[in-house]
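Chains, contacts and geometry: an overview
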Amino acid sequence: MNKLFNKKTISNIIFVIAIVLLLYPPTREWGMRQLAFAPSIKNNKKAEFVKSYDWSLRGLNTKDINLDEFKGKVIFINFWATWCPPCRAEMPMIQKLYNDYKDKVTFIFVTNEDWKTVETFFNKRAFNLPAYNSLSSPPKIFLKTNSIPATYLLDKNGAILISKTGAADWNSNKVRNLLDDLLSK
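A few points on the structure. Residue numbers restart at each chain and count upward from 1, following the sequence in its written direction. Per-residue local features of the predicted model are confined to residues with pLDDT of at least 70, and side-chain atom pairs are confined, for both listing and counting, to 80 or more; whole-chain, interface and lining totals are unaffected and use all residues. To obtain the side-chain values, all non-hydrogen atoms of the structure were included, while hydrogens and water were left out.

**Examining the packing of aromatic side chains**
Note on aromatic contacts: the rings of Phe and Tyr and the six-membered ring of Trp form a pair at centre separations within 6.5 Å, being stacked when their planes are under 30 degrees apart, edge-to-face when over 60 apart, and tilted otherwise. This structure, assessed with the given rule, holds 16 aromatic pairs. Between F79 and Y152, the aromatic rings sit 6.2 Å apart at their centres with planes inclined by 85 degrees, giving edge-to-face as the arrangement. Placement of F79 in strand β4 (residues 75-79) and of Y152 in strand β7 (residues 150-154) is noted, with a sequence separation of 73 residues between them. Classification of residues uses two cut-offs on accessible area relative to the type maximum, computed with a 1.4 Å probe and protein chains only: under 20% is buried, over 50% is exposed, and between them is partly exposed. Classification of F79 as buried rests on a relative accessible area of 14%. Each member of the aromatic cluster is reached from another via a ring pair, and the members are F76, Y98, F107, F109 and W170. The numbering of helices and of strands both runs from the N terminus, where a helix is a DSSP run of H or I of at least 4 residues and a strand a run of E of at least 2.

**Some points on the sheet that holds strand β2 (residues 56-59)**
When DSSP finds two or more bridges between a pair of strands, those strands are recorded as paired. The eight strands lie next to each other as β1-β8-β7-β4-β5-β6-β2-β3, forming an open sheet whose pairing is mixed. Here the strands that pair on one side only, and so sit at the sheet edges, are β1 (48-49) and β3 (65-66). Bridge count for β4 against strand β5 (residues 106-110) is five bridges, and the pairing is parallel. Within β5, the position partnered with F79 by the bridge is V110. Against the sheet, helix α3 (residues 85-101) engages β4, β5 and β7, with an angle of about 155 degrees to β4. Contacts from helix α5 (residues 173-184) reach β7 and β8 (159-165), with the element oriented near 160 degrees to β8. The criterion used for residue contact is that any of the two residues' heavy atoms lie within 4.5 Å. Lines fitted to the C-alpha atoms define the axes, with helices restricted to the stretch that makes contact. Angles between their N-to-C directions range from 0 to 180 degrees.

**Considerations on the pattern of salt bridges**
When a carboxyl oxygen of Asp or Glu is within 4 Å of a side-chain nitrogen of Lys or Arg, the pair counts as a salt bridge. With the rule as written, the count across this model stands at four salt bridges. Among the salt bridges present, the one from R176 reaches D100, with a minimum N-O distance of 2.6 Å. Linking R176 in helix α5 with D100 in helix α3, this pair joins segments that are 76 residues apart in sequence. According to the relative accessible area criterion, R176 is buried, its value standing at 17%. The class of D100 is partly exposed, set by a relative accessible area of 43%.

Here it is, written out as structure tokens:
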């Protein structure tokens, strides 16, 4: 019996359990959430600016918009997909931020998926974020990466103060303090 449960066997069992947990999507998402940090914030001197706001979006669970309507406002843009583990990992944190700032900040969640897919995903997780499909090409500054999630936070002047690819803790005090500061100006 002692030979059955030696150190090597126990470590192999633990290793197999860890691999299985990492392959199970909810566990992987939970792990990503635990490792997500608040995104870096650029100061206005290092920030890039959105030059063109001409970008038409079809609302999946909201009205159609053009980004131009929100020029002069604080804008949070997130490119995501339901099948993307880092996207799913950061969504609960984004939902909490959205719940508190939806009346003050323009939130735009862009996906290539259809409404039925998004609706199923939202209903299963109790999300109510405004989802859109692009009808025209986004401003070039948002096309620098093909990775998702890709998130941008613009100030009222169009400066991109946060440009983050990958999961992040969007409900952090750092992000909330930045939003409060941007909204008070």
